[in-house]
Amino acid sequence: MSDGGAVSAGKPEDLARLFLARANAGDLDGLVALYEPDAVLAAGDVVASGHAEIRTFYETLLAKRSHFPPVDALPPVLNGPLAMTFSRSSNGNISAEVARRQDDGTWRWAIDQLKIKPIAPEKA
């Protein structure tokens, strides 16, 4: 059942937790509500701009996948109304996002880069 984003992120680090809960519940409206209306999401070859395109991206993803495993949410880096948020999955993939504090004090993602492959150390 969709909460349509009724529970908002009070801190930037809440966004990853809310994402996992909503993705695992199949809550499409709740996922889209984590983003600003003109946010940009990049995932592989896909770049989705704005709520309509982000909705389409997650609609496709949720149709293919029903379980999203926990991630290790790393501490955000804050600068006034902006925050960089990061999470690492069990396979080592990292996601990085830019969140912005909204006028009501809650946080939403403005930019989301999914699945950045870890860089292997150079061989000497």
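As the structure is a computational prediction, the values presented were derived from the model and not from experiment.

(A) A look at the overall build of the chain. Within the chain one finds three helices and six strands. Going from N to C terminus, the chain has its helices and strands arranged as α-α-β-β-α-β-β-β-β. Scored against the burial criterion, the 124 residues of the chain give a buried share of 38%. A fraction of 42% describes how many contacts in the chain between residues 6 or more apart in sequence connect residues 24 or more apart. Total accessible area computed for the chain in this model is approximately 7400 Å², and 58% of it derives from carbon and sulfur atoms.

(B) Local environment of the layout of surface pockets. Estimated volume of the largest pocket: approximately 660 Å³. Lining the largest pocket are 33 residues, and of these Phe19, Val71, Ser95, Leu114 and Lys115 sit closest to its centre. Secondary structure elements with two or more residues in the lining of the largest pocket: helix H1 (14–24), strand E1 (35–43), helix H3 (50–64), strand E3 (72–79), strand E4 (82–88), strand E5 (94–101) and strand E6 (107–116). Counted by class, the lining of the largest pocket contains 19 nonpolar, eight polar and six charged residues.

(C) Layout of the pairing of E5. Direction of pairing for E4 relative to E5: antiparallel, over a ladder of seven bridges. Looking across to E5, one finds that Leu82 is bridged to Arg100.

(D) Region of the structure containing the side chain of Glu97. Along the chain, Glu97 falls in strand E5. For Glu97, the side chain forms a polar contact with the side chain of Thr85, separated by 2.6 Å. A distance of 2.7 Å separates polar atoms of two side chains, one belonging to Glu97 and the other to Ser95. Beyond its immediate chain neighbours, meaning those up to four positions away, Glu97 contacts Ala83, Met84, Thr85, Phe86, Trp109, Ile111 and Asp112.

The rules behind these values
Residues numbered from 1 in each chain as written. Predicted model: local features only at pLDDT ≥ 70, side-chain atom pairs only at ≥ 80, totals over all residues. Heavy atoms only, no water. Helix = DSSP H or I, 4+ residues; strand = E, 2+ residues; numbered from the N terminus. Buried < 20%, exposed > 50% of the residue type's maximum accessible area, 1.4 Å probe, protein only. Contact = heavy atoms within 4.5 Å. Areas by Shrake-Rupley, 256 points an atom, 1.4 Å probe, with all protein chains shown as cover. 1 Å grid on protein atoms, 1.4 Å probe; cavity = no way out; pocket = protein on both sides within 12 Å on 5 of 7 lines; lining within 4 Å. Points joined across faces, edges and corners; volume = space filled by probe spheres on them. Nonpolar A, V, L, I, M, F, W, Y, C, P; charged D, E, K, R; others polar. Pairing = 2+ DSSP bridges. Polar contact = N/O pair within 3.5 Å; in protein donor to acceptor, adjacent residues only side chain to side chain.

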